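Commentary on secondary and tertiary structure
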Amino acid sequence: MSLVYIQHSHRKDEHVFLAEKFYQAHTANGLAEIRLIPNNLPEISVTEVDLSTTLAGKKIAVPFFINAMSGGSPATGKLNQRLAAAAAQTKIPMATGSQSIALQFPQAETSFKVVRQTMPQGLVIGNIGANHNLADAQAAVDMLQADLLEIHLNAAQEIVMTEGDRQFYWKDNLQEIVAGLSVPVIVKEVGFGIAPATLRQLRKLGVRNVDLSGHGGTNFAKIENQRRRQKDFALLNNFGLTTAETLLASQSLAADFSFTASGGIRDALDIIKCLILGADNVGISGLFLHTLIKEDVDGLINLIEKLKEQLKSLMALLGCANISQLRQLPYLLSPELLNFKQQLK
Ligand code: FNR
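This is a predicted model, so every value here is computed, not measured.

Conventions used here
- Residues numbered from 1 in each chain as written.
- Predicted model: local features only at pLDDT ≥ 70, side-chain atom pairs only at ≥ 80, totals over all residues.
- Buried ≥ 20, exposed ≤ 12 C-beta atoms within 10 Å, placed from the backbone.
- Helix = DSSP H or I, 4+ residues; strand = E, 2+ residues; numbered from the N terminus.
- Pairing = 2+ DSSP bridges.
- Right-handed = clockwise from strand over helix to strand, strands pointing away.
- UniProt positions renumbered as here; feature names shortened; annotations may be inferred.
- Contact = placed C-beta atoms within 7 Å.
- Near = placed C-beta within 6 Å.
- Nonpolar A, V, L, I, M, F, W, Y, C, P; charged D, E, K, R; others polar.

So, the pairing of strand β6 (residues 124-129)
- With 5 of 6 residues buried, β6 lies mostly within the body of the structure.
- In terms of strand pairing, strand β5 (residues 94-95) meets β6 through 2 bridges, oriented parallel. For M94, the partnering residue across the bridge sits in β6 and is V124.
- Bridge count between β6 and strand β7 (residues 148-152): 5 bridges; the pairing is parallel. Paired with N127 across the strands is E150, a residue of β7.
- The parallel pair β6 and β7 is bridged by helix α5 (residues 134-144), and the resulting crossover is right-handed.

Structure, rendered in structure tokens:
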């Protein structure tokens, strides 16, 4: 086994360990600064509520999924198998962590392929970085028979990583992949938030599905700083746009994109707020990882089922029979978020 493979695969284990170490029940994703307004005559029954929506053009039964985290080492392969078992049982989609390691080292493939084996009928999303070309992207899709491919933009994470990339020429790859890949592409951040100016560039490249992945939940600036020997790069700990800010900032581009919201999602109220702000669906990583570690697969299945039930209850409370009706609801912003909305164009 090569030393480089061992180093790469150890990094995957460290990410999981540190994400869980820094996990917080309460997050700073900005969604608490959004207030909903009661509808005291809802005129609806909970059983009428339809939770279905779309994810990159695919119809999905509930508006949330397990977002990219795992794979690349024996331990994260096992995590992938357990996450996929919960996804299969609850019939929600699941994304794997970055498959880059398996493109370089074939011995890592099994830690990703286990996801497709565990959920043969499910919606599986592959994941690679934007430093890869179309051939790599297609190989990642083929490895999993993936239904969709996430491509992550993670410049801030790479900058804090001692061994990270220092060259960020990604546009040509994105354009080539979106045009030529056999499945739809979702471009995502890893928790620093995608800005509206970037969305306008992505639109020109042909990108139509974006996971805004805002600040406030899993924090890769902190995780990568912790992995540095000197722990001397805390500069980016608060860098980026929060989940609430990314959603507000992207509203003017809603006609051109389907948005996934992610970053610090903790409960059904967070999911509802993201949908009201314009997301078509919501990705959840840290909370599901934490639940799996603390409560095993059954605990994760229970949480996913509870989220489904609570979403139905909350939508009925708000008088909404489906997700598109949620978009029409009024809401109140804190002075800080209102100020943000006025400043960021
Ligand atoms: C991640 N995330 C991630 N994203 C990605 O595109 N490729 C990857 O390989 C990983 N790896 C990864 C490992 C672990 C342990 C975690 C917790 C997360 C980022 C993830 O998909 C998401 O964008 C952020 O974590 C923000 O969401 P949460 O965790 O706050 O819900």
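Quick word on the UniProt feature "binding site: substrate" (unreviewed entry) in the protein chain
- UniProt's feature table lists "binding site: substrate" (unreviewed entry) at R11, K12 and Q157, given in the numbering used throughout. A compact arrangement is adopted by the annotated residues: their sequence extent is 147 residues, whereas the largest C-alpha distance between any two is 13.7 Å.
- Checked against the element boundaries, R11 lands in helix α1 (residues 3-21).
- Mapped onto the secondary structure, K12 falls in helix α1.

Notes on helix α10 (residues 243-250)
- α10 sits mainly inside the fold: 8 of its 8 residues count as buried.
- By the burial criterion, the buried members of α10 are T243, A244, E245, T246, L247, L248, A249 and S250.
- Buried positions along α10 lie against β1 (34-36), α8 (196-204), β10 (258-262), α11 (268-276) and α14 (335-343).

With respect to the site of the ligand
- Near the ligand there are 26 residues, and of these H152, G217, T218, S285 and G286 occur at the shortest range.
- Of all the elements in the fold, those that place two or more residues in the shell around the ligand are α1, β7 and α12 (286-317).
- Residues belonging to the shell around the ligand are distributed by class as follows: 9 nonpolar, 15 polar and 2 charged.

Comments concerning the UniProt feature "domain: FMN-dependent dehydrogenase" (unreviewed entry) in the protein chain
- According to UniProt, the feature "domain: FMN-dependent dehydrogenase" (unreviewed entry) maps to residues 28-100 and 149-328 in the numbering used here.
- Secondary structure content for residues 149-328 is 48% helix and 11% strand, and the end C-alpha separation is 30 Å.

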